[in-house]
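Fold and contact review
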Amino acid sequence: MRRSVDIDALQQVLSAALGSREPVCSLARLGRDADAFAALDPAVLERPTLMGGGSPYHPTSPAPASHTLDELARRADELNVAQILVPNVRRSDDTGALRAAGLVPLATESECVVRLPGEVDEILRARIGAGRLHDLRRHHHAVSCDVTWERIPLTELDGSPWAKDAFVELHRRRTELCNADALAALAHGALADRTEMLVCRSEKTVVQAGLITTSHNGRGLYYLTQAIAHDDPAARHDLHLATVYELYRHARRSGLEWVHLGRGDAHHMRPLGADLFVPLDHWLLAPGLVAPAAEGAERAVSEFAAAPVTGVPVPGPARFRQVPRFDTIDLSSNTSPFLGAAAEYPHLDTAELADTYLATISTLPGHAGVDALSADHLLFTSGAVDGVMLLLAALASPGERVCVTPPTFPLYAHFAHLLRLPVVEVPLCGDDLSRLDTERILAADPRVTILCDPNNPVGTRLDPEQVHDLLVRGRGLVVIDEAYVEFSEKPSYAGLVEEHGNLIVLRTLSKAWGLAAARCGIALARPGIVEALRRVQVPFGFTNASQHAVRDRLTNARPVLDGIRRIRAERDRMASVLAEHPAVDRVFPSETNFLFIRLHKHERVMERLRDAGIVVADTGRAIPDTCRITIGDQHANTALLDALSSAV
């Protein structure tokens, strides 16, 4: 919750639960935070502590300002309490006042949010997969045969004494801090109008009772607490899963856009559909604890940044990119409040999505070292080609040379020319066009060398020893475009970006991940380089729809991996067939999802393919008598072979 008035109300609830005028208790009584408090001295755990928030009732606390902390310190002195705890503060908040007051951060679980921008089943199917959605619905159906869910407004709770009694009894087994006095304080406090008791009961008994509160911006639900009678037969079908699914349906029927599930970790909460994880810290002031040094507000920019970039900040709203805004009222953007989600600017908080991408690709073959990277090493771009434009604008100045290695992706040189950067061409060599002329590249002393690996249009991989030689001996940046690397059985360079300060790896989700329409590229580099790119990037280029599509695909990667396997198999089959085809002179080895071939009668074949309604990439201008053929499904590939046969 993001309003101080709500936190004040929850502090009163906590005081009522404790039977005291002030929210003072030991850390040990909070129970759930054993991991966060594990390293503390036992005396600290047992010492009376003034709570600067409504723990354990609230999802998060806004980081308090200096005057609020001064008031907390004054109250602690009056109460003769030596410790102050401000729980569940988002790491993205401005915590400068907490640090200045001497409080120490203790990492705890992240808050977990399920965002529901559309129909529940459609969203969950994309996000967690058809199998898990089936399980969720099966649990819900099984439970629904035995129980019913009821929502009782807290303002009407006096008319349902059975619900109050059941809530208190179920929570008594779990925690002493959700008792009758606490419930009464909540029912007569500032949150009562927005809070309901969610009760699940069978014919005779209440099996589950919890509290849900509508956010102050009216767009989502906080799931504050729940307790289940696990020994009741009605709970045997995993009642919690069924209740969560019921909440999602209720939220969408009510026109709400998200459900806050409380705290947890991604491993357990992603299968429930959670797609936003905001890191939290408890902040503790206690005798003997020393606050860590404050981090700088601005990340140092790389030495490779162009001179104008070093003197400007990250533009406007992008400076606050790690601040989640799902539960705020945004009156800063000058957009229409009457035209729905499309009228809102895209979310800028993509740190969790970056972590998700890195965690996903770190499990793929050939991606050793990726697990050592963080969100600070990654920038999302509007397709990988946008990443090329960004890095040339941010890291090279007019007159500095850019080296490309034809045949290669033509937009590298195109963007360089637009930015008034001289282009040096050093063609690939070798029978398979897979060797670099490293000495000639080094002699040109380029500011940026752009390598396409696997190569487009040829499909081959470069010699890694030659690439390493450029990284070690060159003075400039080496950019490796890995748009097709998922189709290769050789390693990616992504895990080496922390080892080499002059390395940038570009990736895309357009090819293997099947998200060409989402326009999502990725730049991986040291944080100082990423910081330079942020200063050039348009702040809102990565749309909300694209973010949702990317997150759903990354968290349900099995179809992608299956597609890669099928494409590789079909690629190898087509390579064998084409190698024997009379219209084909040569098939180049490929580690991509396409084949590069040299034809006997180039113009005739291109004409026959056009007549058959088949479009391939005609690369004859770059390399005489060649074309590039994307691997399609078997129907498309059979049509291609038939058209080729007609050209013989």
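The paragraphs below set out a description of the structure included in this document. All figures in this text were calculated on a predicted structure; none of them were measured in a lab.

Reading guide: rules and limits
Residues numbered from 1 in each chain as written. Predicted model: local features only at pLDDT ≥ 70, side-chain atom pairs only at ≥ 80, totals over all residues. Heavy atoms only, no water. Disulfide = S-S within 2.5 Å. Salt bridge = Lys/Arg side-chain N within 4 Å of Asp/Glu carboxyl O. Helix = DSSP H or I, 4+ residues; strand = E, 2+ residues; numbered from the N terminus. Buried < 20%, exposed > 50% of the residue type's maximum accessible area, 1.4 Å probe, protein only. Pairing = 2+ DSSP bridges. Axes fitted to C-alpha atoms, helices over the stretch in contact; angles between N-to-C directions. Contact = heavy atoms within 4.5 Å. Phe/Tyr/Trp six-rings, centres within 6.5 Å; stacked < 30°, edge-to-face > 60°. Lys NZ or Arg CZ within 6 Å of the ring centre and 35° of its normal.

With that out of the way, let us pick up the state of the cysteines. Defined simply, a disulfide is a covalent bond joining two cysteines at their sulfur atoms. Applying the stated criterion to the full structure yields 0 disulfides. Among the cysteines around Cys145, which has no disulfide bond, Cys200 carries the closest sulfur, lying 12 Å off. No disulfide involves Cys403; its nearest neighbouring cysteine sulfur is the one of Cys429, lying 12 Å away.

Take the pattern of salt bridges next. Tallying each qualifying case throughout the model produces 40 salt bridges. Its salt-bridge partner being Asp275, residue Arg115 comes within 3.3 Å of it at the nearest N-O pair. Of the two residues, Arg115 sits in strand β4 (residues 104–115) while Asp275 sits in the loop between α11 (266–269) and β10 (276–285), which places them 160 residues apart along the sequence. Through salt bridges with shared partners, a single network forms among Arg115, Arg127, Arg270, Asp275, Glu352, Arg551 and Asp552.

Before going further, it helps to spend a moment on unusual backbone geometry. Note the cis peptide between Pro406 and Pro407, where omega equals 0°. With respect to the helices and strands, Pro407 occurs in the loop between β12 (402–404) and α15 (411–418). Cis geometry marks the peptide bond from Asp453 to Pro454; its omega dihedral reads 5°. Topologically, Pro454 is positioned in the loop between β14 (448–452) and α17 (464–473). Look at Arg420: it is not a glycine, yet its phi comes out positive at around 60°. Along the chain, the position of Arg420 falls in the loop between α15 and β13 (423–425). For Leu433, which is not glycine, the phi torsion reads 55° and is therefore positive. Taking the relative accessible area as the measure of exposure, Leu433 reaches 15% and is therefore buried.

Moving on to the sheet that holds strand β16 (residues 503–508). If you trace the 7 strands from one edge of the open sheet to the other, you get β11-β17-β16-β15-β14-β12-β13, paired in mixed fashion. Here the strands that pair on one side only, and so sit at the sheet edges, are β11 (378–381) and β13. With strand direction ignored, the average angle separating the axes of adjacent strands in the sheet is 20°. Here β12 runs beside β14; their pairing, made up of 3 bridges, is parallel. Residue pairing across strands places Val404 opposite Ile450, the latter belonging to β14. Where helix α13 (residues 351–361) meets the sheet, its contacts fall on β11, β16 and β17 (521–524), and the angle it forms with β11 comes to roughly 105°.

Here we come to the packing of aromatic side chains. As enumerated under the stated definition, the model contains 7 aromatic pairs in all. Pairing Phe409 with Tyr412 gives two aromatic rings, centres 5.5 Å apart and planes at 70°, and the pair type is edge-to-face. Taken together, the ring pairs in this structure connect Tyr222, Trp258 and Phe326 into an aromatic cluster. Positioned over the ring face of Phe588 is Arg586, at 4.1 Å from the centre of the ring. The positively charged end of Arg628 is found above the aromatic ring belonging to Phe594, 5.6 Å away from the centroid.

By themselves these figures say nothing about function.
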